[in-house]
Amino acid sequence: MSARPYRSVLYIPGSKERALEKAKTLPVDAIIFDLEDAVAVEEKTNARALLAETLSTADYGGRAKIVRVNALDTEWGHADVEALKDVGADALLLPKVDSAEDVQALAELAPGVAIWAMMETPLGILNAAQIAAHPALEGFVLGTNDLAKDLNTRFRADREPLLTSLQMCMLAARAHGVVAVDGVYNAFKDDDGLRAECEQGRDMGFDGKTLIHPAQVEITNAAFAPSEAEIDLARRQIAAFEQAEADGQGVAVVDGKIVENLHIVTAKATLAKADAIAKLEI
Ligand code: COA
Ligand code: MG
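Reading guide: rules and limits
- Residues numbered from 1 in each chain as written.
- Chains lettered and ligands numbered in written order.
- Predicted model: local features only at pLDDT ≥ 70, side-chain atom pairs only at ≥ 80, totals over all residues.
- Heavy atoms only, no water.
- Helix = DSSP H or I, 4+ residues; strand = E, 2+ residues; numbered from the N terminus.
- Buried < 20%, exposed > 50% of the residue type's maximum accessible area, 1.4 Å probe, protein only.
- Contact = heavy atoms within 4.5 Å.
- Donors = N, O, S within 2.8 Å, 3.2 Å for Na, K, Ca; no water.
- Pairing = 2+ DSSP bridges.
- Axes fitted to C-alpha atoms, helices over the stretch in contact; angles between N-to-C directions.
- Core = buried A, V, L, I, M, F, W, Y, C linked by side-chain atoms within 4.5 Å.
- Near = heavy atom within 4 Å.
- Polar contact = N/O pair within 3.5 Å; in protein donor to acceptor, adjacent residues only side chain to side chain.
- Nonpolar A, V, L, I, M, F, W, Y, C, P; charged D, E, K, R; others polar.

Enquirer: Just give me the short version of the environment of Ala173, but keep the residues and values in it.
Expert: Looking at where Ala173 falls in the secondary structure, it is placed in helix H8 (residues 163-175). For Ala173, a relative accessible area of 0% puts it in the buried group. In contact with Ala173, not counting residues within four places along its chain, are Ala132, Phe140, Val178 and Ala180.

Pasting the structure below:
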């Protein structure tokens, strides 16, 4: 689990001035400023310049700023990195990562800059562990649309065809202490569908979800934040466990369930997350 909240991670096409402005008022934990698939080929060069200028001057408050560059084997990738590596972004996000060598290639172009990886190709999923292990790699973003395309899966509300891939990314991310953010929900007017998919991702362990539209922010923030009931339970578990320890016991019981040291680790993480959310300046 990340110390910094990444509940809501909003994509903004780097070419859309209005959306770049609007994002300053949205309560999102992070923004992905996109130069890749949300930007048309004829807009690539303008978007790069607009984004470099915007990020050098604009104030996005406490929102994490992540720039998605084009892949390095495209005609735009190298120039994107050159223009965006020193504008104060928190990370560069590399699309269609297949292997740790792809991460290394970006690390050599942008030394000292944190790298996030789009996990969206079959090869990338199979290599998730080596990608997560790269020293510059700090975050995974699931690219479920690209992945579904390459796997030739059909859309299913329960995402069963994607679950193995999602879980392989979770395993790799947690094994190497990397943030993991779930893929987008395309039907941005379907609140119930979004809520269900947020809850599924949250239950799998994702830190948050990528979003395509401001209308998705509120539901996502709520789904990935500890609920009042979870906060209350965490407090009661900690109190009961401290009492048990004072009584010379290693185990407590709360609401009919056993509470051991490992549950206290989770309870403290829940409180720390709630605290970090409360302190966010977004
Ligand atoms: N980030 C910030 N603001 C956004 C936004 C986004 N991703 N999407 C829409 N907005 C803003 C619009 O600029 C508009 O602002 P305004 O009130 O100042 O005019 C407002 O939200 C309402 O937008 P709306 O008219 O409902 O959306 P739209 O029809 O213009 O656009 C999409 C719909 C899906 C095309 C647009 O949301 C989008 O481009 N999303 C990002 C797609 C993307 O990045 N994909 C790549 C990764 S999957
Ligand atoms: Mg993609």
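Moving on from the model shown.
Enquirer: I'd like a description of the coordination of the magnesium ion (ligand 2), backed by residues and values.
Expert: Every protein donor of the magnesium ion (ligand 2) is accounted for by Glu120 (OE) and Asp146 (OD), and the metal-donor separations fall at 2.0 to 2.1 Å. In this pair, Glu120 sits in the loop between strand E5 (115-119) and helix H5 (122-126) while Asp146 sits in helix H7 (residues 144-151), placing the two residues 26 residues apart along the sequence. As far as burial versus exposure is concerned, Glu120 and Asp146 are alike and both buried.

Enquirer: So what's going on with the sheet that holds strand E2 (residues 30-34)? Residues and values would help.
Expert: Strand order in the closed barrel made by the eight strands is E1-E2-E3-E4-E5-E6-E7-E8, with parallel pairing throughout. Strand after strand, the sheet turns through a mean of 25° between neighbouring axes, direction not considered. Where strand E1 (residues 8-13) and strand E8 (residues 208-211) come together, three bridges link them in parallel fashion. Among the inter-strand pairings, Val9 is bridged to a residue of E8, identified as Thr210. Strands in contact with H8 are E5, strand E6 (137-142) and strand E7 (179-182); relative to E6, the strand with the most contacts, it is inclined by about 165°.

Enquirer: Quick rundown of the nonpolar core? Include the residues and the values.
Expert: Counting residues in each nonpolar core, the largest one holds 60 residues, and the members touching the most others are Val67, Leu84, Leu92, Met119 and Phe140. Other than its neighbours up to four places away in sequence, Leu84 contacts Leu35, Arg48, Leu51, Ala52, Leu55, Val67 and Leu92. Within the second largest apolar cluster, 16 residues are counted, among which are Ala91, Leu93, Ala114 and Val141.

Enquirer: Tell me about the site of ligand 1, and please be specific about residues and values.
Expert: Inspection of the region around ligand 1 gives 15 residues, with Tyr11, Lys16, Arg18, Ile212 and His213 positioned closest. The separation between a nitrogen atom of ligand 1 and a polar main-chain atom of Tyr11 is 2.7 Å. The side chain of Lys16 places a nitrogen or oxygen atom 3.0 Å from an oxygen atom of ligand 1. By residue number, the principal contributor to the shell around ligand 1 is E1, which donates four residues. Taken together, the residues of the shell around ligand 1 sort by class into nine nonpolar, one polar and five charged.

So far we have only geometry, and geometry alone does not tell us how the molecule works.
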